[in-house]
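# Structural description and commentary
Below, each chain spelled out in residue letters.
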Amino acid sequence: MQTVNFNALPIPATNAALPEALERAIQQLNGPLRDVNNSVYELAKPLERSRYPACPSCGIKFHLFRRKCNCANCGQVICSDCLDSRWYLPKYGVKAPVYCCRMCDRNLSMSIKNKDALNECSVRELRAYLQLYGLYNPSTMLEKDDLVTAIYNNSPMPQINETKYRQSLPQPSMSDHTSPRQQEQARNTSEAASDTTNSWDRTFADIGNEIGRAFEGLGQQFSERVERGANAIDERMTSILDVDQRQAQSQNTRHNSQTSSASNNPHNYDSRTYSHSPSPRTQRSSHPRTQPRFYTHQRPQSAQGTASSAASTSNRSEHAVGSASPAQLEVPALKSLVKDNVDASKLSIKTLKALLTKHRVDYSNIVEKKELIERVERLVHNTKLEMEREAAAIAGGGDNGSRGDNDEDMCKICWDASVNCVFLNCGHMCTCIECGDKIVGSDRRECPICREYIAKVVHVFRA
């Protein structure tokens, strides 16, 4: 049979058939070939699998469904998912295609490229390939052409560089959660496995270890989920008990108020309906236990007075003052304070707060009355300046009372007052504070310019 000479380059094992000449040459191989240095190509020695807790390529721990395998080109321990490429390696004397890891797949693909294909690769890829095989020399390889020439001239790769590549592979490291005793046991297990000559015993030992790790991981996950479920049940029961306790307290409070109102009533009136209750049915319905939970009724005058006084005593905040009705608290107008030259120190604290709330001035961090007085005096002073500015604009606009060039400073709603408020969060200044309050109090709290929702109205003053 005629022999065929070829350069022993690796060949990717695809679905397509090999050329007849290459297939005949591979079949005629009688062992490993020799490199340019007359050194025999040696197949990589498979590394010990028990020393690797996780795959060096993807970092995932080995388990029952992610088996340990060895790469035929470098001998590294790789999981079954990362061992997905097949190559013919004729320089090692191997006639059948073998499985290689992803790193070896990239390196073997780089070794069979011509100069045009190597020029399309990036400098970083070429430099990394040469560094893996110990061929990179930064003092002589300055241009990209130097890197391409070095790769092309060293194909197929000599055996000494293949050895350097296998020595540069990542070494196994025990996981952080393993104890020194477990590490010692793992080392003893690896030594005992290396001394064992029976491959079947070693295979079954690996399978048993993998099954044990898999069940250990499942047991840990199950215990963690049971613990989280127990904590969630405890939190839910605690919240339910708190709700029941608050409902019981509210029912006791309602029952005590009804009892006190009935005792203060000189006539035998029902506390819910204001009618005589001579019939037993009405008396039974007045019992607190037979009342529905959300039963609405009109309380007697004494209970209403007690509840309103308690609410007014406990809620002395900005919102409560701002929502007070004019009948309870009369808030003077700013223009009247300016015209009458009223002294702000003579006003009560409640009036000062109501005045600041009405005109959108923040006083949440103020405690002393003198600070409230300063805020009100500043508000009155700025209002006085606005009134003077409006009067000057009207006087300078002619007899017809037009504003002239200052129309853009006027409120776009009423055209009677100056723009003195800003809408948040859009930031538009287009209305006065009175029109801004009306817009906020309406059903659609939208800016008249951009139609964005108004979260807050801030009173501003021009310098």
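Basis of the calculations
Residues numbered from 1 in each chain as written. Predicted model: local features only at pLDDT ≥ 70, side-chain atom pairs only at ≥ 80, totals over all residues. Heavy atoms only, no water. Helix = DSSP H or I, 4+ residues; strand = E, 2+ residues; numbered from the N terminus. Buried < 20%, exposed > 50% of the residue type's maximum accessible area, 1.4 Å probe, protein only. Contact = heavy atoms within 4.5 Å. Areas by Shrake-Rupley, 256 points an atom, 1.4 Å probe, with all protein chains shown as cover. Core = buried A, V, L, I, M, F, W, Y, C linked by side-chain atoms within 4.5 Å. Pairing = 2+ DSSP bridges. Axes fitted to C-alpha atoms, helices over the stretch in contact; angles between N-to-C directions. Arc of directions from axis to C-beta. Disulfide = S-S within 2.5 Å. Polar contact = N/O pair within 3.5 Å; in protein donor to acceptor, adjacent residues only side chain to side chain. Phe/Tyr/Trp six-rings, centres within 6.5 Å; stacked < 30°, edge-to-face > 60°. Lys NZ or Arg CZ within 6 Å of the ring centre and 35° of its normal. Patch = residues over 30% accessible without salt bridge, like charges linked within 9 Å, V, L, I, M, F, W, Y side chains within 5 Å. Salt bridge = Lys/Arg side-chain N within 4 Å of Asp/Glu carboxyl O. Parallel < 35°, antiparallel > 145°, perpendicular 65-115°, else oblique. Nonpolar A, V, L, I, M, F, W, Y, C, P; charged D, E, K, R; others polar.

The chain is annotated in an unreviewed UniProt entry as RING-type domain-containing protein of Coemansia spiralis.

Here we come to the overall build of the chain. Looking only at helices and strands, the chain has 15 helices and seven strands in total. Looking at the 463 residues of the chain, the share that counts as buried comes to 28%. Considering only intrachain contacts with a sequence separation of at least 6, the fraction spanning at least 24 residues in the chain is 50%. Of the accessible surface of the chain, which amounts to about 30600 Å², a share of 51% is contributed by carbon and sulfur atoms.

Let's shift gears to the nonpolar core. By size, the foremost hydrophobic cluster in this structure holds 37 residues, and its most contacted members are Leu 126 and Leu 130. If you list the elements that add at least two residues to this core, you get strand E3 (77–79), strand E5 (98–100), helix H2 (102–111), helix H4 (123–132) and helix H5 (144–153). With four residues, the top contributor of residues to this core is H5. Among all residues touching Leu 126, those that are not within four sequence positions of it are Met 110, Leu 118, Cys 121, Lys 144, Leu 147, Val 148 and Ile 151. Within the second largest apolar cluster, 16 residues are counted, among which are Val 338, Ala 344, Leu 355 and Val 361.

Here we take up the sheet that holds strand E1 (residues 11–12). An order of E1-E4-E5 is seen for the three strands of this open sheet, with the pairing classed as antiparallel. Either end of the sheet is taken by a strand with one partner, and the two such strands are E1 and E5. Across three bridges, strand E4 (residues 85–88) lies against E5 in antiparallel orientation. Following the sheet pairing, Trp 87 is matched in E5 by Val 98. Here H2 sits on the sheet in contact with E4 and E5, set at roughly 45° to E4.

For the rest of this paragraph, the subject is the environment of Asn 341. Relative to the elements of secondary structure, Asn 341 occurs in the loop between helix H12 (334–340) and helix H13 (349–358). On the basis of relative accessibility, which here comes to 67%, the residue Asn 341 falls in the exposed class. Taking the C-alpha atoms as reference points, Asn 341 and Val 380, separated by 39 residues in sequence, lie 9.4 Å from one another.

Once that is clear, we can look at H2. Within the sequence span of H2, burial applies to Cys 104, Asn 107, Leu 108, Met 110 and Ser 111. Buried residues of H2, viewed axially, fall in a sector of 160°; they line one side. On its buried face, H2 is in contact with E4, E5, helix H3 (115–119), H4, H5 and helix H6 (159–167).

A few words on the environment of Met 110. When you line up the elements, Met 110 lands in helix H2. In this structure, the C-alpha to C-alpha distance between Met 110 and Glu 125, residues 15 residues apart in sequence, is 9.3 Å. In this structure Met 110 touches Leu 118, Cys 121, Glu 125, Leu 126, Tyr 129 and Ile 151, once residues within four positions along its chain are discounted.

Here strand E7 (residues 456–459) shows a buried face lined by Val 457 and His 459 and an unburied face lined by Lys 456 and Val 458. Pairing geometry for strand E6 (residues 421–424) and E7, over four bridges, is antiparallel. Directly across from Cys 421, in E7, lies its bridge partner His 459.

Right, let's get into the state of the cysteines. Tallying each qualifying case throughout the model produces zero disulfides. Just so you know, Cys 79 is unpaired, no disulfide at all, and the nearest cysteine sulfur is the one on Cys 82, 3.4 Å from it.

Mapped onto the elements of the fold, Ser 111 is located in helix H2. Polar side-chain contacts of Ser 111 include one of 2.7 Å to the backbone oxygen of Leu 108. Look past the residues within four positions of Ser 111 in its chain and what remains in contact with it is Pro 10, Tyr 129 and Ser 155.

Before going further, it helps to spend a moment on the packing of aromatic side chains. Inspection of the entire model under this criterion finds three aromatic pairs. Between Tyr 41 and Tyr 92 the ring centres are 6.1 Å apart and the planes differ by 90°, which places this aromatic pair in the edge-to-face class. On the criterion of sequence distance, the pair formed by Tyr 41 in the loop between helix H1 (20–27) and strand E2 (68–70) and Tyr 92 in the loop between E4 and E5 is long-range, its members being 51 residues apart. Note on accessibility: Tyr 41 and Tyr 92 belong to one class, buried. Taking 5.1 Å as the distance between ring centres and 55° as the angle between the ring planes, the aromatic pair formed by Tyr 129 and Tyr 133 counts as tilted. For Tyr 129, a relative accessible area of 4% gives the class buried. Ring pairing ties together the aromatic residues Tyr 129, Tyr 133 and Tyr 165, which thus form one cluster. Against the face of Tyr 99 rests Arg 86, its NZ or CZ located 5.6 Å from the ring centre. Above the ring of Trp 415, the side-chain terminus of Lys 412 is found at 5.8 Å from the ring centroid.

Another aspect to go through is a nonpolar patch on the surface. Residues Leu 64, Phe 65, Ile 207, Ile 211, Phe 215 and Leu 218 make up a contiguous nonpolar surface patch of about 620 Å² in total accessible area. Turning to its location among the elements, Phe 65 is positioned in the loop between H1 and E2. Residue Phe 65 is classed as exposed on the basis of its relative accessible area of 70%.

To continue, consider the packing of H2 against H4. Here H2 crosses H4 at 105°, and the two axes come no closer than 11 Å. Taken together, the axes of H2 and H4 lie roughly perpendicular to each other. Judged by residue contacts, Asn 107, Met 110 and Ser 111 of H2 engage Glu 125, Leu 126, Tyr 129 and Leu 132 from H4. When the residues that make up the contact of H2 with H4 are grouped by side-chain class, the tally is four nonpolar, two polar and one charged.

The next subject is the pairing of E4. Sheet analysis places E1 next to E4, joined by two bridges and oriented antiparallel. By the bridge assignment, Pro 12 is partnered in E4 with Trp 87.

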